[in-house]
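What follows is each chain in one-letter form.
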Amino acid sequence: LVLHQCLSYTRHALHGQTRYKSTTVFSGIQPTGVAHLGNYLGALRAWGQLSASPPQQFDHTIFSIVDLHALTAPPAPDKLREYKRISAALIIASGVDPEKCILYVQSDVSGHAELCWILSCFSDFGHLNRMTQWKSKMNLNSNSSVTDEAVENLRLGLFAYPVLQAADVLLYKATHVPVGEDQIQHLELTRHIGKRFNSSYKTKVFPLPEVLLTRTPRLMSLRDPAKKMSKSDPAEQSRIMINDSPELIRVKIKRAITDGNSSVSYDPSTRPGVANLIDMVAGLQNRTPEEVAGDVKGFSGHAELKDFVADVVTRELQPVREKFERLCRDPEYLDRVLCRGAERAGVIAQATLKEVKTTVGIY
Ligand code: ATP
């Protein structure tokens, strides 16, 4: 399988590349609010490209609004209901064509929770204990040993989050998973669980999926370039939201943390703040950071760079924001798309579950 040139994804080989009989793209986003520029550049925009890719590229493309995952940090019930529609609007506004793919809400397909339980019987504590995401969500250092107090407060749902994620992917026998870099560790676990299931029953029920990464797999926070841009960061100035006004975008970029060196150069290890701004432009313009750095190296200082970055971000996000706002005014359309998506996803999910249940002896 050769990815079409127009796609901005590259394959991240977890364990070498695999040949698949048929190919399915699956990915998800939590309905935890409006998406930020990291979600857009790391996932959503390329979902649009994948769903529009010629049919010979992938046999199926499936995108899910993963509300069960969102319960690990439960939003207010009304907010969760609202965010599901907002997420659908965001995904479509980012270029996903619901006629060419399956777009649905995770909890509308009961197979996710069911497969999650079966797979949890093939998942070991040791592996889950090494996942860095639950540690960072609890503000724990990923390398340090976890205190008893932290474990006392650790909710099972947050700890088992990657098992539900494995169920999401394996339920559709996905072969390619377009996600940001923060999800690579979870995808490695998905492969591990799938492999363990297959080898336990000497079967090939689950293909082992590969990660697809964009050119911008990890956009960093504007307030702390050592952390990834995140929806759940309490600092609102740390992220650019898809629906931010041009004025707000400019303010946030102006306040972005850079460094004391007034020149403009691209070096993510020593100058992460400046590099993050250049990465943003490179991602949005589908160019390499080095190309963008070449264009901006003559700038007089960070103020000129930030003005330039704000112009690019505003220009590139404008059509997305406008489409998003239009879609939000049409909740009936969004509900129709999600309802149809759940029906189609449910058919595939039931077929996999039947195979899994037969394999383990439930049927
Ligand atoms: P939260 O902070 O609430 O956990 P999030 O911002 O990490 O949310 P998710 O819904 O977990 O967003 O992720 C949706 C997709 O966006 C995933 O594929 C994830 O890898 C990607 N993504 C999230 N943050 C970034 C980022 N900073 N840069 C690139 N991709 C990202």
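Rules and cut-offs
- Residues numbered from 1 in each chain as written.
- Predicted model: local features only at pLDDT ≥ 70, side-chain atom pairs only at ≥ 80, totals over all residues.
- Heavy atoms only, no water.
- Salt bridge = Lys/Arg side-chain N within 4 Å of Asp/Glu carboxyl O.
- Helix = DSSP H or I, 4+ residues; strand = E, 2+ residues; numbered from the N terminus.
- Buried < 20%, exposed > 50% of the residue type's maximum accessible area, 1.4 Å probe, protein only.
- Near = heavy atom within 4 Å.
- Polar contact = N/O pair within 3.5 Å; in protein donor to acceptor, adjacent residues only side chain to side chain.
- Areas by Shrake-Rupley, 256 points an atom, 1.4 Å probe, with all protein chains shown as cover.
- Nonpolar A, V, L, I, M, F, W, Y, C, P; charged D, E, K, R; others polar.
- Pairing = 2+ DSSP bridges.
- Core = buried A, V, L, I, M, F, W, Y, C linked by side-chain atoms within 4.5 Å.
- Domains from an automatic or database assignment.
- Contact = heavy atoms within 4.5 Å.
- Buried area = accessible area lost by both parts, 1.4 Å probe.

Draft legend 1. Representation of the pattern of salt bridges within the structure. Here the structure, examined in full by the defined rule, presents 15 salt bridges. With a shortest N-O distance of 2.9 Å, R81 and D78 are connected by a salt bridge. Of this pair, R81 and D78 both sit in helix α3 (residues 77-93), three residues apart, which is roughly one turn of the helix. Each member of the pair, R81 together with D78, is exposed. Of the charged contacts, one joins K252 and D244 as a salt bridge, the two residues approaching to 2.7 Å between their closest N and O atoms. The same class applies to K252 as to D244, namely buried. Through salt bridges with shared partners, a single network forms among R250, D307 and D311.

Draft legend 2. Quick peek at the site of the ligand. Near the ligand, the surroundings consist of 22 residues, among which K137, D182, K228, S230 and S232 are the closest. Between an oxygen atom of the ligand and a side-chain N or O atom of N39, the distance comes to 3.1 Å. Between the ligand and K231 there is a distance of 2.9 Å, counted from an oxygen atom to a side-chain nitrogen or oxygen. Relative to its unbound accessible area of 600 Å², the ligand is 97% covered by the protein chains. Top element by residues in the shell around the ligand is helix α1 (residues 37-51). It accounts for four residues. Its residues assigned to classes, the shell around the ligand comprises six nonpolar, eleven polar and five charged.

Draft legend 3. Main features of the pairing of strand β6 (residues 210-213). Burial of the side chains of β6 extends over both faces: E210 and L212 are buried on one face and V211 and L213 on the other. Bridge count for strand β5 (residues 176-178) against β6 is three bridges, and the pairing is parallel. Directly across from V177, in β6, lies its bridge partner V211.

Draft legend 4. Examining the nonpolar core more closely. Ranked by internal contacts, the top residues of the largest apolar core, which has 60 residues, are L37, Y40, I240, M280 and V313. Examining the composition of this core, we find that nine residues originate from one element, helix α14 (residues 302-328), more than from any other. Taken domain by domain, the makeup of this core includes at least three residues from each of domain 1 (10-219 + 331-360) and domain 2 (243-326). Not counting chain neighbours up to four residues away, the residues in contact with I240 comprise H36, L37, L222, M229, I249, K252, I253, M280, V313 and L317. Grouped together as the second largest cluster of nonpolar side chains are 41 residues, W134, F159, A166 and L170 included.

Draft legend 5. Spotlight on the domain arrangement of the protein chain. According to the domain assignment, the protein chain consists of domain 1 (10-219 + 331-360) and domain 2 (243-326). Centre-to-centre, using C-alpha coordinates, domain 1 lies 29 Å away from domain 2. Listed by partner, the interface residues are 15 residues for domain 1 and 14 residues for domain 2. When domain 1 packs against domain 2, the two sides together hide about 1300 Å² of surface, and 66% of this comes from carbon and sulfur. When the buried area of domain 1 at its contact with domain 2 is split by residue, L37, A93 and R215 rank highest and sum to 37% of it. At the junction of domain 1 with domain 2, the criterion picks out zero salt bridges. The set of elements that each furnish at least two residues to the side of domain 1 that touches domain 2 consists of α1 and α3. Tallied by class, the residues present in the side of domain 1 that touches domain 2 amount to ten nonpolar, three polar and two charged.

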